[in-house]
Amino acid sequence: MAKCFWVIFLVLSVALVAGVVEVDAQKRCIAILDKSGCQLSTCREQCLKSYNGNGQCTSGPSFGSYICSCFYNC
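In this text, all values refer to a predicted model and were calculated from it rather than measured experimentally.

What's the story with the environment of Gly55 in this structure? I'm lost.
If you trace the backbone, Gly55 turns up in strand E2 (residues 54-59). Taking the C-alpha atoms as reference, Gly55 lies 8.7 Å from Tyr72; in sequence the two are 17 residues apart.

So this is what it looks like as structure tokens:
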């Protein structure tokens, strides 16, 4: 019985400590590089050069259109 108590106590203690640790994550920002269309290779290259980020083609304002969005650390 005492062994079971210590195992439960240890597990709860680890869970409590793990839940209290604060993570210092960077915030992500988005910049629209081209609203008129998106070529993935060009979008990635521009984003990397301008913001050191990850360029992606995302859906635009109208159905079937794409824009170049740059995701980077603020």
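What am I meant to see in the sheet that holds strand E3 (residues 66-73) here?
Adjacent strands of a sheet form backbone hydrogen bonds with each other and so pair up, either parallel or antiparallel. The strand order across the open sheet built from three strands is E1-E3-E2, with neighbouring strands paired in antiparallel fashion. Edge positions in the sheet fall to strand E1 (28-34) and E2, since each has one partner strand and no second. Geometrically, the sheet is characterised by an average inter-axis angle of 35 degrees between neighbouring strands, direction not taken into account. Where E2 meets E3, six bridges bridge the pair, whose relative direction is antiparallel.

What's the story with the state of the cysteines in this structure? I'm lost.
Linking two cysteines covalently through their sulfur atoms gives a disulfide. Within the structure shown, the criterion is met by four disulfides. Here Cys38 connects covalently by a disulfide to Cys57, the sulfurs 2.0 Å from one another. As the torsion about the S-S bond is roughly -75 degrees, the Cys38-Cys57 disulfide counts as left-handed. Of this pair, Cys38 sits in the loop between E1 and helix H2 (40-51) while Cys57 sits in strand E2, placing them 19 residues apart in sequence.

Would you explain the packing of aromatic side chains in this entry?
The geometry of an aromatic ring pair is captured by the separation of the ring centres together with the interplanar angle, meaning the angle of the planes. According to the stated counting rule, one finds one aromatic pair in the structure shown. Note on Tyr51 and Tyr72: the rings are 4.5 Å apart at their centroids and 25 degrees apart in plane angle, and the pair reads as stacked. Highlighted residues: Tyr51 in helix H2 and Tyr72 in strand E3, separated in sequence by 21 residues. On the accessibility criterion, Tyr72 (17% relative accessible area) is buried.

Calculation notes
- Residues numbered from 1 in each chain as written.
- Predicted model: local features only at pLDDT ≥ 70, side-chain atom pairs only at ≥ 80, totals over all residues.
- Heavy atoms only, no water.
- Helix = DSSP H or I, 4+ residues; strand = E, 2+ residues; numbered from the N terminus.
- Pairing = 2+ DSSP bridges.
- Axes fitted to C-alpha atoms, helices over the stretch in contact; angles between N-to-C directions.
- Disulfide = S-S within 2.5 Å.
- Phe/Tyr/Trp six-rings, centres within 6.5 Å; stacked < 30°, edge-to-face > 60°.
- Buried < 20%, exposed > 50% of the residue type's maximum accessible area, 1.4 Å probe, protein only.

Treat this as a map of the structure, not an account of what it does.
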